[in-house]
Amino acid sequence: EGAADDCHRALQCTVAMPATGGLDSGPVFRSKISCRMARALLKAGNVWEADKAFDSAIGSAKEALQLVAQSNAGAEETRAAEKILNQSITDATLGLSDVKRYRDALDGATKITADNANNKGMSVAADRRNSVQLLMFINSALMVSPGSMELHERRVNALASLKRWAELGNHCERLAAEIVKTDGIFTDDLAPLNPFPDIKAATSLKPDFFERNPDNAADPVALRILSPKAVCDAVMRLPNGILPLYLRSLRLEERYTEAAKAGASIEMHVNNSKHRGTRGIVPLAWLSNERDKLRRTMSWKERGDTLFRNGDYERAATKYAACLTIDGDVSQYNQNALENDDAGGRLHAVLHCNRAACLMALKRYREAVKECTASLRIHTHYMKAILRRGRCFVMLRQFNEAVAEYERYIRLVDEARKSPNSAGSSNAACTFDRPIDITDAEYLKAKQELADARKSTDAAANNAWKQNQSQKKAKQQQSCKDSNIGKAAAKSTAKHPQEGPGRDNAYAHKQQEQAGPGGANQRDRDGFGGTARKKTATKKKEFSRGGNMPEGPSGNDGIQNQQKQQQQHQKQEKRQRQHQKQQQQRKPTPPPNLENVHCHYEVLGIARTALISDIKKAYHKMCLKY
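Residues numbered from 1 in each chain as written. Predicted model: local features only at pLDDT ≥ 70, side-chain atom pairs only at ≥ 80, totals over all residues. Heavy atoms only, no water.

Undergrad: Help me understand the environment of Asp 51 in this model?
TA: Relative to the helices and strands, Asp 51 is located in helix α3 (residues 47-70). For Asp 51, a relative accessible area of 16% puts it in the buried group. Distance from Asp 51 to Gly 95, taken between C-alpha atoms, is 8.1 Å for residues 44 residues apart in sequence. Once residues lying within four places of it in the same chain are set aside, the contact partners of Asp 51 are Leu 96, Val 99 and Arg 103. (Helix = DSSP H or I, 4+ residues; strand = E, 2+ residues; numbered from the N terminus. Buried < 20%, exposed > 50% of the residue type's maximum accessible area, 1.4 Å probe, protein only. Contact = heavy atoms within 4.5 Å.)

Structure (structure tokens):
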């Protein structure tokens, strides 16, 4: 605005006719100054005034070309004037294209803002997608008009909606460093244009702080932060609409000292009667609320850290959860970390990761995984959260997921060491636990844990395969057992129907007849089951007493008959014993153990190359046996 005002004054001092002026005045100079004024207006964000100034510059340059062509000036002076005028036309044309680009970006941003207002119930993903597009449009407009404070405020609000607090704080501090460059310029006739007339010159904030060593990989520009004293200089130069979000970003990025001093500086400046009203109306309600949140955040987090160091993990996790609710609309923390609406920033990422450490110590690994996931949603490259989630997966025996986490951890470290300059360029890069900061000991330990996880993965795969095979074998054995027993029982019943309870009952009836009480109706039978009468004991006794010999055979014949009777009696007893033995053998035999049997050949007890006759014999034996 100051440059545009100076150009306007210069235009008032020029003459319109070339006869009264040369290259330093007249139409040639007017076109050049008009183009410069339009560019200054565009950079300040006065796009409508800039559009008119560019058109005026083009018109003045074309008019001046005609006058130069009609003038009696020398050839060298004419060529110089034509060169300047043509350059002015080119610059003004490029300026008009920038005006169009600014308007297109602003129209796109306005449309997205209207869509967000009309669709308040949209999903979180859709809202985030619209915020990213809005930020892209605002960035495009800022490239054309870097001096527009309205665009800076809109960019800060867009970053806050995306919860990119580190980037928000960096943008505010770089803006303050740019404003410091104007310290001491707004004097005399430019004094009315000074946006901060009551602010002293900065003592700690250097205007080139973010411009020094831009290629330094150890201190990238995107990760540079101001000291507490420099922050006090910065907050005095930021617009009122940016201050609340800047102080909140300091707290959420765990820059507690800077946040405390910045709040104290603002309160002291606003309460000073000398400066009252110079920055407009600054409500102090948000400032007191923010300072109260800062106090509770510092106190509760420190208490949680103390409980964790003392081994009281349950209470430490509770205290971290309470700290997470400070920026939320609810007072109760949802134990499912993925369902909580986090404010984002380094603070909440660290709190989730600390809760994960507490839950791991309590062996509640599934809840710890959710806490690590919530932390990684805030900073996708938070190395400690990646490593802890991998270890939780190992304890849950989810080895494939664990291997993926370890591989990601190692890949990020390798990429950061290979190209340090690009390690912090991504928006997803973590600003406080970077891959480039991982030590060799931590790196080697992670690689060893990865190797162990891979071994566990292979072992789990082998165990699963063996279990699957054993289940298949068990099913096959059970099916084979049922089939063989059913077939054997069917064949045995069809081939030997007389064998069974009927035969045993007949034999028992026969034994009952033989063992029953002697009487007239009981017959003595021989050992072969015949019907002949046995020799009575009286005749044996009479024969043995040596009495009168009966009529018939001689005495030798009687002795031979006696011997035969004794032999027959012995044979009968022998047959009875054999029959009893057979009866005992005919008791039901328990079915064979088929746990390790795989086919019919093993059930029959024959070789796989057996002939059909051998197979039939084996079946017959089994039928007789069962």
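Here the narrative resumes, following the displayed structure.
Undergrad: Just checking my understanding: could you explain helix α6 (residues 149-161) for this structure?
TA: For the α-helix, the turn length of 3.6 residues means that residues three or four positions removed from each other point alike. With 13 residues, α6 ought to run about 18 Å at 1.5 Å a step, and its terminal C-alpha atoms sit 19 Å apart, in line with that. Along α6, the residues classified as buried are Leu 151, His 152, Arg 155, Val 156, Ala 158, Leu 159 and Ala 160. Along its buried surface, α6 packs onto α4 (75-118), α5 (124-144), α7 (165-180) and α9 (243-252). Trailing α6 by a residue or two, Lys 163 shows a phi angle of about 60 degrees, which is positive. (Expected span 1.5 Å × (residues − 1).)

Undergrad: Teacher, can you tell me more about the nonpolar core here?
TA: Soluble globular proteins: nonpolar side chains tend toward being buried together. Counting residues in hydrophobic clusters, the biggest one holds 80 residues, and the most contacted among them are Val 235, Tyr 246 and Ile 266. Per-element tally for this core: the top contributor is α7, with eight residues. Contact partners of Tyr 246, with chain neighbours within four places excluded, come to Leu 168, Gly 169, Cys 172, Glu 173, Val 231, Val 235 and Leu 238. By size, the runner-up hydrophobic cluster in this structure holds 33 residues, among which are Ala 356, Met 360, Ile 386 and Phe 393. (Core = buried A, V, L, I, M, F, W, Y, C linked by side-chain atoms within 4.5 Å.)

Undergrad: Just to check I follow, could you spell out the pattern of salt bridges for this structure?
TA: Between side chains of opposite charge, pairing is possible as soon as their charged atoms come close. Within the structure shown, the criterion is met by 31 salt bridges. Here Arg 291 makes a salt bridge to Glu 267, at a shortest N to O gap of 2.0 Å. Of this pair, Arg 291 sits in helix α11 (residues 285-309) while Glu 267 sits in helix α10 (residues 256-271); the two residues are 24 residues apart in sequence, bridging distant segments of the chain. Glu 267 gets classed as partly exposed once you look at its relative accessible area, which sits at 30%. (Salt bridge = Lys/Arg side-chain N within 4 Å of Asp/Glu carboxyl O.)

Undergrad: When you look at the side chain of Ser 131 in this model, what are you seeing that I'm missing?
TA: Tracing the backbone through its elements, the reader meets Ser 131 in helix α5. The contact partners of Ser 131, leaving out residues within four places of it in the chain, are Ser 161 and Leu 162.

Undergrad: Mind showing me how you'd approach the packing of aromatic side chains here?
TA: Geometrically, a pair of aromatic rings is defined through the distance of the ring centres and the angle of the planes. With the rule as written, the count across this model stands at three aromatic pairs. Here Phe 308 and Tyr 313 contribute two aromatic rings whose centre-to-centre distance is 5.3 Å and whose plane-to-plane angle is 70 degrees, an arrangement assigned as edge-to-face. The ring of Tyr 443 has Arg 417 sitting right over it, with the charged end atom 4.8 Å from the ring centre. (Phe/Tyr/Trp six-rings, centres within 6.5 Å; stacked < 30°, edge-to-face > 60°. Lys NZ or Arg CZ within 6 Å of the ring centre and 35° of its normal.)

Undergrad: I keep staring at the packing of α7 against α9 and nothing clicks. Help me out?
TA: When two helices pack together, their arrangement is given by the angle between their axes and by how far apart the axes lie. The geometry of α7 relative to α9 is characterised by a closest axis approach of 9 Å and an angle of 130 degrees between their N-to-C directions. By the angle class used here, α7 and α9 are oblique. The way α7 lies across α9 gives a crossing that is left-handed. Residues Trp 165, Leu 168, Gly 169, Cys 172 and Glu 173 of α7 pack against Leu 245, Tyr 246, Arg 248, Ser 249, Leu 250 and Leu 252 of α9. Per-class residue counts for the contact of α7 with α9 are seven nonpolar, two polar and two charged. (Axes fitted to C-alpha atoms, helices over the stretch in contact; angles between N-to-C directions. Parallel < 35°, antiparallel > 145°, perpendicular 65-115°, else oblique. Left-handed = near helix turned anticlockwise from the far one by under 90°. Nonpolar A, V, L, I, M, F, W, Y, C, P; charged D, E, K, R; others polar.)

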